[in-house]
Each structure stands twice: as structure tokens, then as C-alpha cells.
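Breakdown of the fold
This is what each chain is made of:
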Amino acid sequence: MKKKTTQLLLLLLFMTLGFFLKATPTQAAYVEVSGNQEKIKAGNYYFWIDLESESFMYAKTKKAAGKVLATEEEDSEYLLGYNFYTDGKTVFYLRFHYTGKSYIYKYSISKNKKTLLKETTDVMSFVGYYPTTKTLYMQKGSKLVGLNINTGKFTTILKNVYSIYGMNKTYVVYGKQASNGKISFYSYNMSSKKKTLIYKSDYSDCMVVANNRIYFLDCIKEGTEANDYYNTYVLKTCALSGGSLKTISGEMQGTSATFNGHTTKRLDFIIWNTGIGGDGTDGYYRYKFSTGKLSKLQ
């Protein structure tokens, strides 16, 4: 009898736990959609930016023509932002005016309805959105700020920011420019409020956050007159915390280096050989996250 009572109590316990687990909703992750990406899947839809028509698009299948979520009207003084965030149901995007004013919108896919959340200034792109805190992160002038979409209030997280490259719930990867023009790249922990120096460079486009990691083109040796000013670069990666640093590529020669796009599957960059000391030949490279292989496209 005691054994049966124990079994019954255990059964009731598992049923109760199962009820609460099912009753607790899970919040879908928000993904960034930008102009240098392929079509991104979020929820039941694919999202992308059509650069030719200057429109934010979505469709139920990857090959469908798609519906317009938002577009830049001809001769309009209001331009679309450079990216947007969505979970497949809700979209956050912005428009900005040449006078510096910015308009932050929330768009419902099911209702086909947009709502103006905030009118502000100096916002050019979003950095992230996290539904648990209802906070939309963005660069506002030289600051990283968080907008609570329920209260409409801004909170300043970082000041004197040159550029922001990406973030997750804990870390922000950003650049800060010194008086001599050199840019220092940092990882900032929003919980401990501590920053970690990742890299220093003369160029702002030699770092990118992709696949939840930091990638950067490290100039390990600057060119001199003796070698026609060819620099030596290697591709490196580390965690958003700044740890787990590793070198991906061998040495690559060029006068400068820049990333020129990434998706959830790959990362593209160029080693430029033009300019001082260049011979006019540029190296186009692609790194695939799944295989960890780097290949030269041309």
C-alpha cells in the first residue's frame, strides 16, 4: 500500500510539473535583418531587405516574391533605417529624416498594422531587442541606449561610442575612437559593467559580429617602403566576452582589409591590394561557419 501511495504521489508531481511547463510560454528569439544578408527565417516567415526597391520584405516561402512591410517612397524626405528586428510576428524598424529626427515603429504581421513607438533624434540603426526586458537597443548619436517599449523611456548604457558591432543579453561589442584616429574595439559586460579590449586598428570596418562571435582582421605587421607598404593580415575570432581567441587563417598580404557581408552560414571579406603599393589585384575570401574552412573566391 505504501509503495502504491508513493507511485501515485510521484505521478501527481510529474503531471503538475508538466502542466506548469506547458503553461509557461517560451519567447522566440529576435533576429536582425540587414541589407548584406540573405533571406532570414523567423517564425513562419522569411525576411529580407530589397536594396533595389529600398523595401523591407517578408514571405511565407523563400522563393516567393514577398510582401512589402515598409518602403522608401519616391522623393520622400523620410528614409528607412539600415536594419530591423523580428521574431516572425512583430517587427521593429525605423525611419529617419534628413534633419536628424528618427521614428521608431512596431509592426504586427498578423494585423498588418504599424504603431509609432517613439519620436527621437540621431538614431540610425538598431543593435538588438530582448523581449524579456522589453528593451530595444540602438546607437543614439555617440551613445548606446536602451528603449523600454512599454514606458517609452531611454536608458544610457555606454557613452563616447564610435560604432557598435553587435550584442547579446550580456555583452556589447563596440568601437571607441581616440584623438589620433585609432579605434579601440571593446567587449562590454552589461552586468559587471567591465570592458575588455579586443583589438586596435586604424579602420572601423575590420571587425564584425557574426554567428554569436567576434571576427576581426588583425594587421600583425604593417607595411614599409621596402615591401611596397603591403600589410600582413590574419583572420581571428573570439567569444563576445573577448575570450577563446583563435587564429583562423594564414598570413594574407594587402594594403587594407574589410568585411563585406555575412549571413548565418558564412562570412565574406576583402584584402585590398589597391592604393599605395597595390598592384590592382584584390583578394575575395569566404569563411564557412559549419566547416570552419576559409577559401579564396578570386
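Glancing now at the nonpolar core. If you look at the biggest cluster of nonpolar residues, it comprises 28 residues, and the most contacted ones within it are Ile 214 and Tyr 215. Counting residues per element, the ones that place at least two in this core are strand E17 (183–189), strand E18 (194–201), strand E19 (207–210), strand E20 (213–221), strand E21 (231–239), strand E24 (256–262), strand E25 (266–272) and strand E26 (283–288). Look past the residues within four positions of Ile 214 in its chain and what remains in contact with it is Val 173, Ile 198, Met 207, Val 208, Val 209, Lys 236, Thr 237, Cys 238, Ala 239 and Leu 240. By size, the runner-up hydrophobic cluster in this structure holds 18 residues, among which are Val 33, Ala 42, Val 91 and Ile 109.

A full pass over the atoms with the stated rule returns 5 salt bridges. In this structure, the salt-bridge partner of Lys 101 is Glu 119, at a minimum N-O distance of 3.7 Å. Linking Lys 101 in strand E9 (residues 101–108) with Glu 119 in strand E10 (residues 113–121), this pair joins segments that are 18 residues apart in sequence. Given the relative accessible area of 45%, Glu 119 is considered partly exposed. A salt bridge links Asp 268 to Arg 286; the shortest N-O distance between them is 2.8 Å. Of this pair, Asp 268 sits in strand E25 while Arg 286 sits in strand E26, and the two are 18 residues apart along the sequence. Residue Arg 286 is classed as partly exposed on the basis of its relative accessible area, which comes to 24%.

With that out of the way, let us pick up unusual backbone geometry. What is expected of a backbone is that most residues other than glycine have negative phi and most peptide bonds are trans. Residue Asn 112 is not a glycine yet carries a positive backbone phi of 50 degrees. Its location among the elements puts Asn 112 in the loop between E9 and E10. For Asn 112, a relative accessible area of 55% translates into the label exposed. In this model, Lys 193 sits at a positive phi of 60 degrees, which is unusual for a non-glycine residue. Overall, Lys 193 belongs to the exposed group, its relative accessible area being 59%.

Moving on: the sheet that holds strand E4 (residues 55–59). Taken in spatial order, the 4 strands make up an open sheet running E2-E3-E4-E5, and their pairing is antiparallel. The outermost strands of the open sheet, each flanked by one partner alone, are strand E2 (40–42) and strand E5 (67–71). If you compare each strand with its neighbour and ignore which way they point, the axes differ by 30 degrees on average. Pairing of strand E3 (residues 45–50) with E4, which is carried by 5 bridges, proceeds in the antiparallel orientation. Bridging across to E4, Phe 47 finds its partner in Tyr 58.

Strand order in this open sheet of 4 strands is E11-E12-E13-E14, and the pairing throughout is antiparallel. Both edges of this open sheet fall to strand E11 (123–130) and strand E14 (154–158), since each of them pairs with a single strand only. Averaged over all pairs of adjacent strands, the angle between their axes in this sheet comes to 30 degrees, without regard to strand direction. With 6 bridges joining them, strand E12 (residues 135–140) and strand E13 (residues 143–148) adopt antiparallel strand pairing. Residue pairing across strands places Gln 139 opposite Leu 144, the latter belonging to E13.

Here the protein chain shows a mean pLDDT of 84. Residues at 70 or above account for 88%. Taken element by element, the predicted model of the protein chain shows its lowest mean pLDDT in helix H1 (residues 2–23) (40) and its highest in E4 (95). Predicted confidence is poor over residues 2–26, with pLDDT under 50, and the contacts of this stretch with residues over four places away or in other chains come to 0 contacts.

About the thresholds
Residues numbered from 1 in each chain as written. Predicted model: local features only at pLDDT ≥ 70, side-chain atom pairs only at ≥ 80, totals over all residues. Heavy atoms only, no water. Core = buried A, V, L, I, M, F, W, Y, C linked by side-chain atoms within 4.5 Å. Buried < 20%, exposed > 50% of the residue type's maximum accessible area, 1.4 Å probe, protein only. Helix = DSSP H or I, 4+ residues; strand = E, 2+ residues; numbered from the N terminus. Contact = heavy atoms within 4.5 Å. Salt bridge = Lys/Arg side-chain N within 4 Å of Asp/Glu carboxyl O. Pairing = 2+ DSSP bridges. Axes fitted to C-alpha atoms, helices over the stretch in contact; angles between N-to-C directions. pLDDT = per-residue confidence, 0-100.

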